[in-house]
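Each chain, letter by letter, is given below.
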Amino acid sequence: MGLFNRRTPENTAAVATLDVDPALAALTGDYVVDAAHSRIGFTVRHAMVTNVRGAFEDHEGTLHLDGSDPARSTASIDVKIASVDTGIADRDGHLRSADFFDAEAFPLMTFRSTEAAFLGGDTYRITGDLTIKDVTRPLSIDLEFNGSATDPYGNQRVGFEGSADILRSDWGLTWNAALETGGVVVSDKVKLTFDISAIKQA
């Protein structure tokens, strides 16, 4: 169910108008990301032949959803870099080191939205400032609205999932090593993935 339904008046050739879906308009409000049921992950090519997948286990965020006017929706997310987990302790330690994120000096990765847009159907785009290692650059994330539900504890939840591709070098993450067969150990391109469950606040 999309946020808007397009409806063309039968008695005119005018351009289609946008009608608010009352069910989604009712979702308007402030939400807190449920970290226990959400995932902020990444995928990066390793040694030119395979993908390494990981996630940041410790994060928090808030959303303001405007079901009547998506452009007024906002998002704010803080991610603790030290919580990076790829399933291999040595690799995670390297990612936390100064070669990559330098988690001791720059403990947080943050995203602050600056713009939101409805793309059609169940798809939305949130644009904002992504900060890693004190480098701030714009990032757009396409998100699919997965619906809403009331959980067994009476919480109203909404769900979104989406992804965005970045070049890690744009944020100063430039460490690499050459392969004897050509190429490098770690790709510059990284896919960020988001699977978000958020709870509406009273």
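Everything numeric in this text was worked out from a predicted model, so none of it was measured.

A few points about the overall build of the chain
Link 1 in the chain: In terms of regular secondary structure, the chain is built from two helices and 13 strands.
Link 2 in the chain: Put simply, the chain has 202 residues, and 39% of those count as buried.
Link 3 in the chain: Partitioning the contacts of the chain with sequence separation of at least 6, the portion at a separation of at least 24 is 55%.
Link 4 in the chain: Of the roughly 11,100 Å² of accessible surface on the chain, 52% is carried by carbon and sulfur atoms.

Observations regarding the nonpolar core
Link 1 in the chain: Counting 44 residues, the largest nonpolar core has F56, F101, L130, L139, I141, V158 and L192 as its most contacted members.
Link 2 in the chain: If we skip the residues at most four places from it in the chain, L192 touches G41, F42, L130, L139, G162, S163, A164 and I166.

A few points about the environment of G93
Link 1 in the chain: In this fold, G93 is placed in helix α2 (residues 89–96).
Link 2 in the chain: Once the C-alpha coordinates of G93 and A103 are considered, the two residues, 10 residues apart in sequence, prove to be 9.7 Å apart.

Quick look at the confidence of the model for the chain
Link 1 in the chain: Averaged over all residues, the pLDDT of the chain is 90; the fraction at 70 or higher stands at 90%.
Link 2 in the chain: Throughout residues 1–18 the model reports pLDDT below 50, and contacts reaching past four residues in sequence, or to other chains, amount to 38 contacts.

Points about a nonpolar patch on the surface
Link 1 in the chain: Residues M48, V49 and V184 make up a contiguous nonpolar surface patch of about 280 Å² in total accessible area.
Link 2 in the chain: Its place among the elements puts V49 in the loop between β4 (39–46) and β5 (50–56).

Quick look at the packing of aromatic side chains
Link 1 in the chain: A full pass over the atoms with the stated rule returns five aromatic pairs.
Link 2 in the chain: Plain terms: the ring middles of F100 and W175 are 5.3 Å apart, the flat faces sit at 55° to each other, and that makes the pair tilted. A residue pair is termed long-range when its members are at least 10 positions apart, and F100 in the loop between α2 and β9 (108–120) and W175 in the loop between β12 (156–167) and β13 (186–200) qualify at 75 residues.
Link 3 in the chain: Since its relative accessible area comes to 27%, W175 is described here as partly exposed.
Link 4 in the chain: Aromatic side chains F145 and F160 sit 5.3 Å apart centroid to centroid with 50° between the ring planes, which places their arrangement in the tilted category. On the criterion of sequence distance, the pair formed by F145 in strand β11 (residues 135–150) and F160 in strand β12 is long-range, its members being 15 residues apart.
Link 5 in the chain: Among the residues examined, F160 registers a relative accessible area of 13% and is labelled buried.
Link 6 in the chain: Put simply, the rings of F42, F56 and F101 pair up and form one aromatic cluster.
Link 7 in the chain: In this arrangement the basic side chain of R137 is found over the ring face of W171, its NZ or CZ atom lying 6.0 Å from the centre.

Remarks on the pattern of salt bridges
Link 1 in the chain: Under the counting rule described, the total for this entry stands at eight salt bridges.
Link 2 in the chain: Between R112 and D78 there is a salt bridge, with its nearest N and O atoms 2.8 Å apart. Of this pair, R112 sits in strand β9 while D78 sits in strand β7 (residues 74–80); the two residues are 34 residues apart in sequence, bridging distant segments of the chain.
Link 3 in the chain: Classification of R112 by relative accessible area gives partly exposed; the value is 35%.
Link 4 in the chain: The class of D78 is buried, set by a relative accessible area of 18%.
Link 5 in the chain: Note that K191 is salt-bridged to D165, the shortest N-O span being 3.2 Å.

A word on unusual backbone geometry
Link 1 in the chain: We note that A47 has phi near 55°; this positive angle belongs to a residue other than glycine.
Link 2 in the chain: Looking at where A47 falls in the secondary structure, it is placed in the loop between β4 and β5.

Remarks on the pairing of β5
If a strand is regular, its side chains alternate between the two faces of the sheet.
Link 1 in the chain: Across seven bridges, the pairing between β4 and β5 is antiparallel. Residue pairing for β5: T43 is matched across the bridge by R53.
Link 2 in the chain: Between β4 and β5, which pair antiparallel one after the other, the connecting turn spans three residues, and A47 there sits at a positive phi close to 55°.
Link 3 in the chain: With two bridges connecting them, β5 and strand β8 (residues 84–85) associate as antiparallel partners. Bridging across to β8, A55 finds its partner in D85.

The rules behind each value
Residues numbered from 1 in each chain as written. Predicted model: local features only at pLDDT ≥ 70, side-chain atom pairs only at ≥ 80, totals over all residues. Heavy atoms only, no water. Helix = DSSP H or I, 4+ residues; strand = E, 2+ residues; numbered from the N terminus. Buried < 20%, exposed > 50% of the residue type's maximum accessible area, 1.4 Å probe, protein only. Contact = heavy atoms within 4.5 Å. Areas by Shrake-Rupley, 256 points an atom, 1.4 Å probe, with all protein chains shown as cover. Core = buried A, V, L, I, M, F, W, Y, C linked by side-chain atoms within 4.5 Å. pLDDT = per-residue confidence, 0-100. Patch = residues over 30% accessible without salt bridge, like charges linked within 9 Å, V, L, I, M, F, W, Y side chains within 5 Å. Salt bridge = Lys/Arg side-chain N within 4 Å of Asp/Glu carboxyl O. Phe/Tyr/Trp six-rings, centres within 6.5 Å; stacked < 30°, edge-to-face > 60°. Lys NZ or Arg CZ within 6 Å of the ring centre and 35° of its normal. Pairing = 2+ DSSP bridges.

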